[in-house]
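Secondary and tertiary structure notes
This is what each chain is made of:
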Amino acid sequence: MNLELLESFGQNYPEEADGTLDCISMALTCTFNRWGTLLAVGCNDGRIVIWDFLTRGIAKIISAHIHPVCSLSWSRDGHKLVSASTDNIVSLWDVLTGDCDQRFRFPSPILKLQFHPRDQDKVLVCPMKSAPVLLTLSDSKHVVLPVDDDSDLNVVAAFDRRGEYIYTGNAKGKILVLNTNTQDLVASFRVTTGTSNTTAIKSIEFARKGSCFLINTADRIIRVYDGREILTCGRDGEPEPMQKLQDLVNRTPWKRCCFSGDGEYIVAGSARQHALYIWEKSIGNLVKILHGTRGELLLDVAWHPVRPIIASISSGVVSIWAQNQVENWSAFAPDFKELDENVEYEERESEFDIEDEDKSEPEQTGADAAEDEEVDVTTVDPIVAFCSSDEELEDYKALLYLPIAPEVEDPEENPFGPPPDAAGQPASAEDGTVHTGSGDKKRQPSLDGAPPKKKARTTTIELQGVPSDEVHPLLGVKGDGKSKKKTAGRPKGSKGKEKDSAFRPKLYKGDRGYPLDGAGMGVGMKGRAQAESSLAASGKDPDRTHHQPPAPHPPLPSPAQQKLHPLAACPLTKTPAHFPQTASEPAPPQLPLKPKAL
């Protein structure tokens, strides 16, 4: 609504914090749909939380994965969502129903996912230590993209604005431009620092409008290029960047970079702290620094496609940054006046008359004559901000909002009775799975006559020469003993073996409920069982043995045994505490006595 007016007044970037979105679980990554009406957030418990960004409420929660979600991407029409988790699984989701359509299993962790900007049948996947892979969803086939150096497989990739080309970058600073359909090399160049030193490519991001794109490199410089110039230079070209953006004072490394919705601003999130740096692309000057909570680390940044709003993630919470909205009541009507204090209003005589008798008759002009023309109020004009430069009409099949089911506090159990088709028929094993509020999974038949839900097809993607023991960067570095992340589950080798553990109490001889060795057989349960069996063999009743006189005490334990045994003797009497006292022996004192003064 009034989106055309956004670029007309003042600066078009956020200035202050505008609240947070708490997803209950820890948020790791976020992405807007094409119109900015829905925000998908991937969490560390495997769930995908979809927020209605206009109402700032949760519209849907999809229990997508078991492991943390590390990357998300919307399809062009907003009906599909593709996600990747740290267990190397890529899943395709139907946003309306929350069902999984397809799954792909990769041999290594997934660093990034991206839907084709125009073709919803193609997904670009960037596995770790592997060349990028172009997936075709309809036939579950994949194509491994060519790389510049087979020994350097730390490659990142991205579609351009319309998906005609794929840009890839490796750890040696080499950028390749490939045709999406044929995978042929169209252009290439190398990012250098100084004269000949190369730097690793960390990410490639394209603007939603225009032909510009940025490259985030390991030398802490963000370079902005024009895509048309890259294609003009061809192979092994030497294009000059339009802008070089960096923090010269602190030498800040950048975690995540992206363009604004109109492509005029660039935001970069610091890898050291929760700080967002905003530059103006045309001039290259730093216009704003947004500081979050001190001590937090930034995980992801996303700029709203249409409005000057930024969403950033740190400490598992999504922070919203927006402009300061100042209420201007005098803008509602031309004769509206703001009053500092109440003023008694004097009503005019003709103020509430249907027709003003004192008003003079104006002459009929061309503007007044045009009032009689019929006004078209049914035709809906397309919103320019939602259309691309090569499109005239909006996509009317697009999914802009999600219907939210009302929450009933005390729902009646099936108030309308069972459906006629499903009454008395138990659900079969092939029916769809329904998640109840308690976390249980129940099977129920389809109520509207639709076919039962089928289990999503899982396709294993085989990649040659890719190590299968890699660990996702979110979970820690493989083989690094300094990693702060702890592996879940019990330690390796502890299953089925009796090992000493710091969380397991050590057992002592004579403890109740644990077997004793040969030294404690005389007073343990095993010794008592042997005594009872010998009494039964001699014809005596073992239950009457308590009438016999007590047996003499066994020899006292040594001082070393007193220290280790939990039932050790009292230090004053040297009598074992678990033997009963006879009538002739005095009971030991309960507390140690102080020595009397001589």
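1. What about the overall build of the chain?
Secondary structure assignment for the chain yields four helices and 33 strands. Counting the 598 residues in the chain, one finds 36% classified as buried. Put simply, of all contacts in the chain between residues at least 6 apart along the chain, 47% involve residues at least 24 apart. As displayed, the chain has an accessible area near 38,700 Å², and 52% of this comes from carbon and sulfur atoms.

2. Points about the environment of Val 287
Note on placement: Val 287 falls in strand E27 (residues 286–291). A residue is classified by how much of its surface remains accessible, and Val 287, at 24% relative accessible area, is partly exposed. C-alpha separation for the pair Val 287 and Glu 15, spaced 272 residues apart in sequence, amounts to 9.9 Å. Beyond its immediate sequence surroundings of up to four residues, Val 287 is in contact with Tyr 13, Tyr 265, Ile 278, Trp 279 and Glu 280.

3. Focus: unusual backbone geometry
The general pattern is negative phi for most residues beyond glycine and trans for most peptide bonds. Residue Asn 88 is not a glycine yet carries a positive backbone phi of 70 degrees. Given a relative accessible area of 12%, Asn 88 falls into the buried group. Although it is not a glycine, Ser 140 adopts a positive phi angle of roughly 55 degrees. Inspection of the secondary structure assignment puts Ser 140 in the loop between strand E12 (133–136) and strand E13 (141–144).

4. Let's talk about the sheet that holds strand E6 (residues 69–74)
In a beta sheet, neighbouring strands are held together by backbone hydrogen bonds and run either parallel or antiparallel to one another. Strand order in this open sheet of five strands is E6-E7-E8-E9-E33, and the pairing throughout is mixed. Two strands bound the open sheet, and with one partner strand each, they are E6 and strand E33 (457–460). Going across the sheet, the axis of each strand differs from the next one's by a mean of 20 degrees, ignoring polarity. Two elements, strand E7 (residues 80–85) and strand E8 (residues 89–94), share five bridges in a ladder whose sense is antiparallel. When the bridges of E8 are listed, Ser 83 appears paired with Ser 91.

5. Focus: the sheet that holds strand E11 (residues 122–127)
Strand order in the open sheet made by the four strands is E10-E11-E12-E13, with antiparallel pairing throughout. The open sheet is flanked by strand E10 (110–115) and E13, the only strands paired with a single partner. Strand after strand, the sheet turns through a mean of 20 degrees between neighbouring axes, direction not considered. The pairing of E12 with E13 spans four bridges and is classified as antiparallel. Residue pairing across strands places Val 133 opposite Val 144, the latter belonging to E13.

6. Points about the confidence of the model for the chain
In this model, the chain carries an average pLDDT of 76, and 64% of its residues clear a pLDDT of 70 or more. Counting contacts from residues 477–526, a segment whose pLDDT is below 50, to residues more than four positions away or on other chains yields 28 contacts. Throughout residues 542–547 the model reports pLDDT below 50, and contacts reaching past four residues in sequence, or to other chains, amount to three contacts.

7. Remarks on the pattern of salt bridges
Applying the stated criterion to the full structure yields twelve salt bridges. The partner of Asp 18 in a salt bridge is Arg 56, and the shortest N-O contact between them spans 3.3 Å. Of the two residues, Asp 18 is situated in strand E1 (residues 16–21) and Arg 56 in the loop between strand E4 (47–52) and strand E5 (57–63); the sequence distance between them amounts to 38 residues. Across the pair Arg 256 and Glu 205 runs a salt bridge whose closest N-O atoms are separated by 3.2 Å. Residue Arg 256 is located in strand E24 (residues 254–259), and its partner Glu 205 is located in strand E20 (residues 201–206); the two are separated by 51 residues in the primary sequence. Within this structure, Lys 80, Asp 94 and Asp 101 form a network of salt bridges that share partners.

8. What to know about the side chain of Asp 94
Residue position: Asp 94 is located in strand E8. In terms of polar contacts, Asp 94 uses its side chain to reach the backbone amide nitrogen of Leu 96, at 3.1 Å. Those residues within four positions of Asp 94 in sequence are excluded, and the remaining contacts are His 79, Lys 80, Asp 99 and Asp 101.

9. Let's talk about the packing of aromatic side chains
Counted according to the given criterion, the structure contains ten aromatic pairs. When the ring of Tyr 167 is compared with that of Phe 206, the centres are 4.9 Å apart and the planes differ by 70 degrees; the resulting orientation is edge-to-face. Separated by 39 residues along the polypeptide, Tyr 167 in strand E15 (residues 165–169) and Phe 206 in strand E20 bring together distant segments of the chain. What makes Tyr 167 buried here is its relative accessible area of 2%. For the pair Phe 189 and Tyr 225, a centre-to-centre distance of 5.1 Å together with 50 degrees between the ring planes defines the contact as tilted. A residue pair is termed long-range when its members are at least 10 positions apart, and Phe 189 in strand E17 (residues 185–190) and Tyr 225 in strand E22 (residues 222–226) qualify at 36 residues. The two residues Phe 189 and Tyr 225 agree in class, both being buried. Here the aromatic residues Tyr 167, Phe 189, Phe 206, Phe 213 and Tyr 225 are joined through ring pairs into a cluster of three or more. Across the ring face of Phe 53, the terminal group of Arg 56 is positioned such that the distance to the ring centre comes to 5.0 Å.

10. So, the environment of Asp 262
If you trace the backbone, Asp 262 turns up in the loop between E24 and strand E25 (265–270). Of the polar contacts made by the side chain of Asp 262, one reaches the side chain of Asn 12; its length is 3.1 Å. One polar contact links the side chain of Asp 262 to the main-chain amide nitrogen of Glu 264, over a distance of 3.1 Å.

Conventions we followed
- Residues numbered from 1 in each chain as written.
- Predicted model: local features only at pLDDT ≥ 70, side-chain atom pairs only at ≥ 80, totals over all residues.
- Heavy atoms only, no water.
- Helix = DSSP H or I, 4+ residues; strand = E, 2+ residues; numbered from the N terminus.
- Buried < 20%, exposed > 50% of the residue type's maximum accessible area, 1.4 Å probe, protein only.
- Contact = heavy atoms within 4.5 Å.
- Areas by Shrake-Rupley, 256 points an atom, 1.4 Å probe, with all protein chains shown as cover.
- Pairing = 2+ DSSP bridges.
- Axes fitted to C-alpha atoms, helices over the stretch in contact; angles between N-to-C directions.
- pLDDT = per-residue confidence, 0-100.
- Salt bridge = Lys/Arg side-chain N within 4 Å of Asp/Glu carboxyl O.
- Polar contact = N/O pair within 3.5 Å; in protein donor to acceptor, adjacent residues only side chain to side chain.
- Phe/Tyr/Trp six-rings, centres within 6.5 Å; stacked < 30°, edge-to-face > 60°.
- Lys NZ or Arg CZ within 6 Å of the ring centre and 35° of its normal.

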